[in-house]
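Okay, here's what each chain looks like letter by letter:
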Amino acid sequence: MDFIHSLEIDQDKCCGKLHCMRVCPTHAIRVKNGKAVIDPVLCIDCGDCILACPQQAIKSITDSMRDLDKFKFNVAIPSPTLFGQFQMDIKPNDIVEGLITIGFDAVHEISVESELINMAIRDYLDEYKGPLPLISSACPVVIRLIQVAYPNMVKQIIPIQPPREIAAREVKKHYAKETGLKESDIGVIYLTPCPSKMIAIKQPAEDVKSHLDLAIGISEIYNPLFSAITKGKQNNNKVNKQGSLHQSRTSLSWALTGGQSVSIKPSRFLTVAQMPNIIRIFDDIEKGKIRDIEFLECYACLGGCVGGSLTVEDTFVARSKIQNLIASMEDEGEKVLEDARRKYKKGDYYISQQLEPRKNPDVLVSIEEQIIKMKIRENLVRKLPGIDCGLCGAPTCSAFAGDVSNGKAKVEDCVLLSAERLKELQDEYNTDKK
Amino acid sequence: MPGTELYQKEFFIKGGDFDKAGEVSTEIKSILKSVGINSDIVRKVAIATFEAEMNVVIHANEGDLKFILTPVEIRITVKDKGKGIEDIELAMKEGYSTATEEMREMGFGAGMGLPNIKKNADGFELTSEVGVGTLLKITIRHKKA
Ligand SMILES: Nc1ncnc2c1ncn2[C@@H]1O[C@H](COP(=O)(O)OP(=O)(O)OP(=O)(O)O)[C@@H](O)[C@H]1O
Ligand code: SF4
Ligand SMILES: [Mg+2]
């Protein structure tokens, strides 16, 4: 199976400085001949390499406003993080107006769907009997990390769709009926805080088709949207014929770490953010060290989705804005809650196919062959210095030994085992000319 | 032959060393993962070895863990020098623990370790001599016989 990714390395800009390779949580990056290469089976689209690259050679690609031309009628589904991206006097309704001005035909906010998913998760938690903790499926990076590196925890991921998918499913039907167009002419576009949610749309982890058609990064529309909002406010424009937004606390709070736990109210929960922390907690879960947690909420980004790499506002400032929005709500969002209670159909929100671990072709041979490879690895590791310098092009000495055992590297790639290799690198990195 | 050893490795466990506690089970887990053992089996072995390792760290002075992989099963033998267990039947009871308050604060001492090992293992043998030490032998099948 081919995996789609959002990350692209600009081969001209990349000069093999190894920073990306060192931060990659799944050891998906190798540097060969002075250029970084990403293994598509191991990459989980966390984007940590983007931030680590001193050359800005790695970028994430999302769809753009030009792609709206593919459809006759376009509906935007904004990630709730969008509402925390502007100064406080720009209200959610102004943002919706702005989206219409810049070219969307309608905007759908996911408050009701967030309540539905909230209820669905609650029911799932109540009835579940397997090993704990159950893990929130909110962050696609976390799902992929589990599929790649913690295969035995895949069954602990809550198999319920995200609010945006439920929304897209309904929105398509609704607007097809309203406009008389075919469903395939209605574009449903997610405004995403991160590349990973775009990948979750292009290639859902459970290997089915998403109800969403496109994903555009918030940073991609930020400037035009901001100027449309400010102009609109000056002229007191009303372009949105849908009427004002009804929001509840749930959808907004899900943009923040801990938001799900607060609304789902599991008996004991734990919230973690950022890859190194998540990995530490997952290792403990695998050992059975964490026994008494019912619900685990993990986000790749600091502070939750407000920290997504395609957002514009500072994570902490955005968090405060969302919290302010929640605090300034007049009620709990009674209208939304009522709507959700009326619509809720128990059992209607599961993902349509089971999640499976990602198969790594390197381990798809017999145990006997694997053991031969392991012995090669162990013998080599004994010879290696264990300093993880990375000059062989692998992130650690043991990863290098693994590459050798899989036929992907040669023993002589280690600078301490081969003087020639060192010479080669001196030429490659031009050390004497500087 | 089902009994042939494909691979074996021995580990030393130091009593009272909470910094290193869990390293042995982590290494065994990664060995099993890398040779492509089914993930449900890896989970069982990881839980059982972690609990066995912790029991040495908490309740004994030092011990050795021997890990053997055969074409059909995983064998773990943990032999320790320490105070031993007086009443094995009692020690096997869920919730029974002699862990100190200090250890409880670190999250140990729920009295669930031995019962959990037994639950996850296909073969379980526990013998002990007070004042000398404890011997735990477990097997977990990874291939149907
Ligand atoms: N290796 C050992 N040496 C001496 N005593 C042991 C050993 N293993 C277990 N015991 C005794 O058996 C009791 C029960 O062990 P068990 O592993 O079930 O619970 P625990 O270690 O006390 O708590 P937990 O494993 O839940 O953290 C221990 O409290 C201890 O008294
Ligand atoms: S935590 Fe980050 S990567 Fe994960 S879904 Fe949110 S914004 Fe995307
Ligand atoms: Mg114990």
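Here the structure is a predicted model, which is why all the values come from computation and not from measurement.

A.B. asks: Go over the overall build of chain A with me, naming the residues and quoting the values.
C.D. replies: What chain A contains, in helices and strands, is 16 helices and eleven strands. C-alpha atoms of chain A, sized along the principal axes, occupy 70 × 55 × 40 Å. Counting the 434 residues in chain A, one finds 55% classified as buried. Of the contacts made within chain A by residues no fewer than 6 positions apart, 77% connect residues no fewer than 24 positions apart. Carbon and sulfur atoms make up 52% of the accessible area of chain A, which totals about 20000 Å². Where the 56 positive side-chain charges of chain A centre and where its 58 negative ones centre are 1 Å apart.

A.B. asks: Report on the packing of helix α2 (residues 39-59) of chain B against helix α5 (residues 113-120) of chain B, specifying residues and quantitative values.
C.D. replies: Residues and elements named next belong to chain B. Contact geometry of α2 with α5 gives a least axis separation of 9 Å together with a crossing angle of 150 degrees. Our classification of the angle between α2 and α5 gives roughly antiparallel. Both α2 and α5 take part in a crossing whose hand is left-handed. Each of K44, I47, A48, E51, A52 and N55 in α2 lies in contact with α5, whose residues at this interface are G113, L114, N116, I117 and N120. Its residues assigned to classes, the contact of α2 with α5 comprises five nonpolar, four polar and two charged.

A.B. asks: Got a sec to walk through the sheet that holds strand β10 (residues 269-273) of chain A? Specific residues and values, please.
C.D. replies: Residue and element names in this part refer to chain A. Reading across from one edge, β7-β11-β10 is the order of the three strands in this open sheet, with parallel pairing throughout. With one partner strand each, in any of the chains shown, β7 (134-135) and β10 form the two edges of the open sheet. Pairing geometry for β10 and strand β11 (residues 295-299), over five bridges, is parallel. In the strand pairing of β11, F269 is matched with F295. Sitting on the sheet, helix α11 (residues 275-287) touches β7, β10 and β11, and the angle it makes with β10 is about 140 degrees.

A.B. asks: Please give an account of the site of ligand 2 that cites residues and values.
C.D. replies: All names here are of chain A. Neighbouring ligand 2 are the residues C139, P140, V141, P193, C194, S196, K197, Y299, A300, C301, C305 and G308. Taken atom by atom, the bulk of ligand 2 overlaps the second largest cavity. Listed by contribution, the elements that provide at least two residues to the shell around ligand 2 are α5 (140-149) and α7 (195-202). Looking at side-chain class alone, the shell around ligand 2 contains nine nonpolar, two polar and one charged residues.

A.B. asks: So what's going on with the site of ligand 1? Residues and values would help.
C.D. replies: Surrounding ligand 1, one finds 20 residues, the nearest of these being H59(B), S97(B), T98(B), G109(B) and M112(B). More than one chain approaches ligand 1, the contributing ones being chains A and B. Relative to its free-state accessible area of 590 Å², ligand 1 is covered by the protein chains to the extent of 96%. Contributions of two or more residues to the shell around ligand 1 are made by α2 and α5 of chain B.

A.B. asks: Can you break down the sheet that holds strand β9 (residues 214-217) of chain A residue by residue, with the values?
C.D. replies: All names here are of chain A. The strand order β6-β5-β8-β9 describes an open sheet built from four strands, whose pairing is parallel. Two strands in the sheet have a free side with no partner beyond their single neighbour: β6 (106-107) and β9. Of the pairings in the sheet, the one linking strand β5 (residues 73-78) to strand β8 (residues 186-192) comprises six bridges and is parallel in character. Bridge pairing links A76 to I189 in β8. Its contacts with the sheet put helix α8 (residues 218-235) on β8 and β9, and the angle it makes with β9 is roughly 65 degrees.

A.B. asks: I'd like to hear about the side chain of S248(A), residue by residue, with values.
C.D. replies: Residues and elements named next belong to chain A. Mapped onto the fold, S248 is located in the loop between α8 and α9 (249-253). Separated by 2.6 Å, the side chains of S248 and E115 make a polar contact. Not counting residues up to four positions away in its chain, the partners in contact with S248 are S111, E115, M329, E332, G333 and V336.

A.B. asks: Explain the pairing of β11(A) residue by residue, including any values.
C.D. replies: All names here are of chain A. Across the five residues that make up β11, a large majority, five, are buried. Judged by which residues are buried, β11 turns out to be covered on both faces: F295, E297 and Y299 on one side and L296 and C298 on the other are all buried. Direction of pairing for β7 relative to β11: parallel, over a ladder of two bridges. Following the sheet pairing, L134 is matched in β11 by F295. Each parallel crossover has a hand, and for β10 linked through α11 to β11 it is right-handed.

A.B. asks: I'd like to hear about the domain arrangement of chain A, residue by residue, with values.
C.D. replies: Domain annotation of chain A identifies domain 1 (1-61), domain 2 (65-343) and domain 3 (367-434). Using C-alpha coordinates to define each centre, domain 2 of chain A is positioned 42 Å away from domain 3 of chain A.

A.B. asks: I'd like a description of the pairing of β8(A), backed by residues and values.
C.D. replies: All names here are of chain A. Within β8, seven of the seven residues are buried, which leaves the element mostly enclosed by the surrounding structure. Alternating residues of β8 divide into I186, V188, Y190 and T192 and G187, I189 and L191, and every residue in both groups is buried. In this sheet, β9 lies alongside β8 in parallel orientation, the contact comprising four bridges. Within β9, the residue paired with Y190 across the bridge is A215. Handedness of the β-α-β unit built from β8, α7 and β9 comes out right-handed.

A.B. asks: An account of α5(B) is requested, with residue identities and associated values reported.
C.D. replies: All names here are of chain B. Taking burial as the measure, the eight residues of α5 include six buried ones, the bulk of the element. Of the residues making up α5, those classed as buried are G113, L114, P115, N116, I117 and N120. Packed against the buried residues of α5 are α2, α3 (88-91), β4 (123-129) and β5 (133-141).

A.B. asks: Tell me what's going on with the interface of chain A and chain B, and back it up with residues and numbers.
C.D. replies: On the chain B side, the residues contacting the 22 residues of chain A number 26 residues. Counting each side, the surface lost to burial between chain A and chain B is near 2100 Å², with a carbon and sulfur contribution of 53%. Three residues, K287(A), R291(A) and I367(A), lead the burial of chain A against chain B; their summed loss comes to 30% of the area buried on that side. Across the pair E286(A) and K29(B) runs a salt bridge whose closest N-O atoms are separated by 2.5 Å. At the junction of chain A with chain B, the criterion picks out nine residue pairs in polar contact (both at pLDDT 80 or more).

How each quantity is defined
- Residues numbered from 1 in each chain as written.
- Chains lettered and ligands numbered in written order.
- Predicted model: local features only at pLDDT ≥ 70, side-chain atom pairs only at ≥ 80, totals over all residues.
- Heavy atoms only, no water.
- Helix = DSSP H or I, 4+ residues; strand = E, 2+ residues; numbered from the N terminus.
- Buried < 20%, exposed > 50% of the residue type's maximum accessible area, 1.4 Å probe, protein only.
- Contact = heavy atoms within 4.5 Å.
- Areas by Shrake-Rupley, 256 points an atom, 1.4 Å probe, with all protein chains shown as cover.
- Lys, Arg positive; Asp, Glu negative; His and termini not counted.
- Charge placed at Lys NZ, Arg CZ, Asp CG, Glu CD.
- Axes fitted to C-alpha atoms, helices over the stretch in contact; angles between N-to-C directions.
- Parallel < 35°, antiparallel > 145°, perpendicular 65-115°, else oblique.
- Left-handed = near helix turned anticlockwise from the far one by under 90°.
- Nonpolar A, V, L, I, M, F, W, Y, C, P; charged D, E, K, R; others polar.
- Pairing = 2+ DSSP bridges.
- Near = heavy atom within 4 Å.
- 1 Å grid on protein atoms, 1.4 Å probe; cavity = no way out; pocket = protein on both sides within 12 Å on 5 of 7 lines; lining within 4 Å.
- Sits in = over half its atoms within 2 Å of the grid points.
- Polar contact = N/O pair within 3.5 Å; in protein donor to acceptor, adjacent residues only side chain to side chain.
- Right-handed = clockwise from strand over helix to strand, strands pointing away.
- Domains from an automatic or database assignment.
- Buried area = accessible area lost by both parts, 1.4 Å probe.
- Salt bridge = Lys/Arg side-chain N within 4 Å of Asp/Glu carboxyl O.

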